[in-house]
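Descriptive structure summary
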Amino acid sequence: MTTTVLESCGVAPPPGAAPDQTLPLTFFDINWLHFHPMLQLLFYEFPCSKPHWYLKLSETLSGFGLQRSASDHSFFFKKDSAGFFGIVVYVDDILVATNDRKKIESFKGFLAQHFKFKDLGTPKYFLGLEIARSKDGILVSQRKYAMDLLRDAGLLGCKPSSVHMDPSKQLGQDAGEVMKESSKYRRLIGRLLYLCITRPDITFVVYKLSQYVSKPCEEHWIPSEKILRYVKGTPGHGLFYSRKSEPSLSIFLDADWAACPDTRRSMTGYCLFLGTSLISWKAKKQHIISRSSAEAEYRAMAQACCEVVWASTILADFGIKTEKAVPLYCDNQAAVHICSNPVFHERTKHIDIMESFFDIILFVSGNFFDIILFVSGNFFDIMESQESAYYIKILNRSLI
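Since this is a predicted model, take the numbers as computed values, not measurements.

1. Observations regarding the pattern of salt bridges
- Within the structure shown, the criterion is met by eight salt bridges.
- Between Asp 148 and Lys 144 there is a salt bridge, and its shortest N-O distance comes to 3.0 Å. One end of the pair is Asp 148 and the other is Lys 144, both in helix 4 (residues 143-153) and four residues apart, which spans about a single turn.
- The salt bridge involving Arg 191 is made with Asp 152; its shortest N-O contact spans 2.7 Å. Linking Arg 191 in helix 5 (residues 182-195) with Asp 152 in helix 4, this pair joins segments that are 39 residues apart in sequence.
- Overall, Arg 191 belongs to the partly exposed group, its relative accessible area being 23%.

2. Some points on the pairing of strand 5 (residues 83-90)
- When you tally the buried positions in strand 5, you get six out of eight residues, the bulk of the element.
- In this structure, strand 4 (residues 75-80) lies alongside strand 5, joined through six bridges in antiparallel fashion. Along strand 5, the bridge assignment pairs Phe 76 with Ile 87.
- The antiparallel hairpin formed by strand 4 and strand 5 contains two residues in its connecting segment.

3. What about the environment of Leu 209?
- With respect to the helices, strands and loops of the structure, Leu 209 is situated in helix 6 (residues 203-209).
- Judged by relative accessible area, which is 0%, Leu 209 ranks as buried.
- For the pair Leu 209 and Pro 223, spaced 14 residues apart in sequence, the C-alpha separation works out to 8.2 Å.

4. As for the packing of helix 4 against helix 7 (residues 218-233)
- Running from N to C, helix 4 and helix 7 cross one another at 135°; their axes reach a closest spacing of 10 Å. On the basis of their axis angle, the class for helix 4 and helix 7 is oblique. Crossing of helix 4 over helix 7 shows left-handed handedness. Each of Ala 146, Leu 149, Leu 150 and Ala 153 in helix 4 lies in contact with helix 7, whose residues at this interface are Leu 228, Val 231 and Lys 232.

5. Quick notes on helix 8 (residues 293-317)
- Between its terminal C-alpha atoms helix 8 stretches 37 Å, which fits the 36 Å expected from 25 residues at 1.5 Å a residue.
- Of all 25 residues making up helix 8, 18 are buried, and the element is well covered by its neighbours.
- Two residues or fewer past helix 8, Gly 319 is found with a positive phi of approximately 90°.

6. Things to note about the confidence of the model for the protein chain
- Predicted confidence across the protein chain gives a mean pLDDT of 76, with 72% of residues reaching 70 or more.
- Across the protein chain, the element-wise mean pLDDT spans from 26 in strand 2 (residues 23-25) up to 94 in helix 4.
- Here residues 359-367 is modelled with pLDDT under 50, and outside its nearest four sequence neighbours on either side it reaches nine contacts, counting other chains as well.

7. Quick word on the pairing of strand 4
- The pairing of strand 3 (residues 67-68) with strand 4 spans two bridges and is classified as antiparallel. Note on strand 4: the bridge partner recorded for Gln 67 is Phe 77.
- Hairpin remark: strand 3 followed by strand 4, antiparallel, with six residues in the connecting loop.

Conventions adopted
- For every chain, the first residue of the written sequence is number 1, and numbering continues from 1 onward in sequence order.
- For this predicted model, a pLDDT threshold of at least 70 governs which residues receive local features, and a threshold of 80 or more governs which side-chain atom pairs are given and counted, while totals over whole chains, interfaces and linings are taken from all residues.
- Note: side-chain values were computed over all heavy atoms of the structure, leaving out hydrogens and water.
- Between Lys or Arg on one side and Asp or Glu on the other, a salt bridge is scored when a side-chain nitrogen of the former is within 4 Å of a carboxyl oxygen of the latter.
- Helix numbers and strand numbers start at the N terminus; a helix is a DSSP run of H or I with at least 4 residues, a strand a run of E with at least 2.
- For every residue, the accessible area (1.4 Å probe, protein chains only) is compared with the maximum for its type, and the residue is labelled buried under 20%, exposed over 50%, or partly exposed between those bounds.
- Two strands qualify as a pair provided that DSSP identifies no fewer than 2 bridges between them.
- What counts as an axis is a line fitted to C-alpha atoms, over the stretch in contact for a helix, and the angles between N-to-C directions run from 0 to 180 degrees.
- Roughly parallel covers angles under 35 degrees, roughly antiparallel covers those over 145, roughly perpendicular covers 65 to 115, and oblique covers all other angles.
- Handedness of a crossing is defined here by the sense of rotation of the near helix relative to the far one, left-handed for an anticlockwise turn of less than a right angle and right-handed for a clockwise turn.
- The contact criterion used is simple: two residues touch if any of their non-hydrogen atoms lie within 4.5 Å.
- A helix's residues, less one, multiplied by 1.5 Å, set its expected span.
- Across the chain, each position has a pLDDT score giving the predictor's confidence in that residue, from 0 to 100.

See the structure below:
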């Protein structure tokens, strides 16, 4: 795997600019994006210029035989008899992955005909992500980012916390006096959201606190500092992807019925695994109010199925086909019975949209999901419940 950074490229002026005005993209590095005045002019004064850069790059990559993934437009790939070649694009940063070293040299020669770039070799630090390799697999963490976050917050010497949130504390929209420096809260939550890229253990609480960025109160700032104290005790935690992991999908899901005290909408949480490696997770409020816990669980199952379909599609771009049924672990017996027994469908007219979705998936893919009732300690409760001190300790054992 190699990393390529495109540092300079000329793009035609966007519509609305003066005819003789040119916008050269110099210092096109993500670290300089907010400091270079010409880049500020390009990306903020002329928002329509962003698609110009993407279209220019897409057209160039297509000349190398790369096709854009339908599941993720930042992913380009090609497969042939020689092997797999794929790249991931983030603005001007490119990660290249292939099992043929000759293709890397060929791609560098092709890219040099269109852009000026710099080959940074095997990536060890990419956009705040620290990548460590061993014979057993790859570890992705954000230790430096976490330490910088603690340093900026002035909590580098604070006492660590064993949990990320007080389970007995219920937060609401109007929780005390409004913060005078609300931008301080928004800035911290924004940085914590980026930390969630490799920290599923804090995803739920960070997403919960992100609901109050429009009007943060003093009571919201206290749990945000508790997250930082928890991060202080676990700065090196990350995600480990084993090379021995089997390419098979499985997903765990749960729902917390009427969890939001302000809207009484339920919370959905799921964790998607590729073998033993965690590849996707989410904690999010459902769009509408559910009238029962079974309905909330059923909606969570529908969202989890959407995630599995997306993951299966993007794995197919890598040449990995999902041939076996995907285990879908759920701890609600009523929701499992609704999915398994068509007789119950007449009693659940109010959730017929999810019913139709399940029917379509099962028809198109041929029993794509294997729904399993899972009633023992659900560690994925951490994604949708505040009472997660016990599950935090379990999850920390799997985080390095």
